[in-house]
2 protein chains.
Amino acid sequence: MYTGQVFVTLKKAVLDPQGDTVKRSLHTMGYPEVKDVRVGKYIEVKLDGATRQEAEERLDEMCRKLLANPVIEEFHIEIVEDDQ
Amino acid sequence: MYTGQVFVTLKKAVLDPQGDTVKRSLHTMGYPEVKDVRVGKYIEVKLDGATRQEAEERLDEMCRKLLANPVIEEFHIEIVEDDQ
């Protein structure tokens, strides 16, 4: 069994209104040192796979098809082998 | 300048209907090897700070006050020093 950690972030060129709102809130709450906030997704997928490489390839496919929107987002995958 | 990477996840005991929906979709799409999906947030915060420790302490405070809901979520922070 493997755990895939998927990090989905907006591309640099894409505006992030949610992040801007969080930044403004933090300023109001007394954290003027905050210069920028970007909000993305962190998805943990537990999956079976014959090999680590197979699990990674399948997960990459899932990201391109469902978990991330390749037009505006980029993603990064890390695979961890679970202890049995 | 530091970049704080914040990972916010639902506590183990909390149900994740969004994750369950993603899991069912992946099964329908031909990925029966997926056993569990949990959806969380990944937040990048760029902030000034005199020291790495100060930046980390301030960011931890922001998480407890705004970025995470300590009743149902847990969070994990990593601080990276940006190249100048």
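Residues numbered from 1 in each chain as written. Chains lettered and ligands numbered in written order. Predicted model: local features only at pLDDT ≥ 70, side-chain atom pairs only at ≥ 80, totals over all residues. Heavy atoms only, no water.

Points about the relation of the copies chain A and chain B
Heads up, the rule is: Each copy is superposed on the other by least squares, with the fit set by C-alpha atoms of residues at a pLDDT of at least 70 in both.
Under the fitted operation, chain A is carried onto chain B by 0.0 Å of movement along the axis and a turn of 180°, and the coordinates agree to an RMSD of 0.0 Å. Overall, the copies show the geometry of a two-fold rotation axis. Considering only C-alpha atoms, the part of chain A nearest the rotation axis is Lys41 of chain A, at 2.2 Å.

Observations concerning the side chain of Glu33 of chain A
Inclusion rule: Here a strand is any run of E in DSSP of at least two residues, a helix any run of H or I of at least four, and the numbering for each starts at the N terminus. Relative accessibility under 20% of the residue-type maximum defines a buried residue, over 50% an exposed one, and the middle range a partly exposed one, all with a 1.4 Å probe and only protein chains included. Note on definitions: a residue-residue contact is assigned when non-hydrogen atoms from the two residues lie within 4.5 Å.
Take Glu33 of chain A: it is sitting in the loop between α1 (17-28) and β2 (34-47). With relative accessibility at 11%, the residue Glu33 of chain A sits in the buried group. In this structure Glu33 of chain A touches Lys46, Leu47, Asp48, Arg58 and Met62 of chain B, once residues within four positions along its chain are discounted.

Concerning the interface of chain A and chain B
The cut-off we apply is this: Accessible surface is computed with a 1.4 Å probe, and the buried area is the amount of it that two parts give up when combined, taken over both parts together. Each salt bridge in this description consists of a side-chain nitrogen of Lys or Arg and a carboxyl oxygen of Asp or Glu lying within 4 Å of one another. N or O atoms closer than or at 3.5 Å make up a polar contact, with two conditions inside protein: a donor-capable atom paired with an acceptor-capable one, and, for residues adjacent in sequence, both atoms drawn from side chains.
Taken residue by residue, the interface counts 32 residues in chain A and 32 residues in chain B. Counting the surface chain A buries against chain B, the share from its top three residues, Tyr31, Glu33 and Tyr42 of chain A, is 21%. The tally of links from chain A across to chain B stands at four salt bridges. When the shortest N-O distance is used, the salt bridge between Glu33 of chain A and Arg58 of chain B registers 2.6 Å. Summed over the shared surface of chain A and chain B, the number is 18 residue pairs in polar contact (both at pLDDT 80 or more). For the side of chain A that touches chain B, the secondary-structure elements that each account for two or more residues are β1 (2-10), α1, β2 and α2 (52-67) of chain A.

Re the pairing of strand β1 (residues 2-10) of chain B
All names here are of chain B. Put simply, the rule reads: Any two strands are treated as partners once DSSP identifies two or more bridges connecting them.
When you tally the buried positions in β1, you get eight out of nine residues, the bulk of the element. With seven bridges joining them, β1 and strand β2 (residues 34-47) adopt antiparallel strand pairing. Of the residues in β2, the one forming a bridge with Gly4 is Val45. The sheet contact formed by β1 and strand β3 (residues 73-81) spans nine bridges and is antiparallel. Among the inter-strand pairings, Phe7 is bridged to a residue of β3, identified as His76.

Spatial relationships are all this shows, so hold off on functional conclusions.
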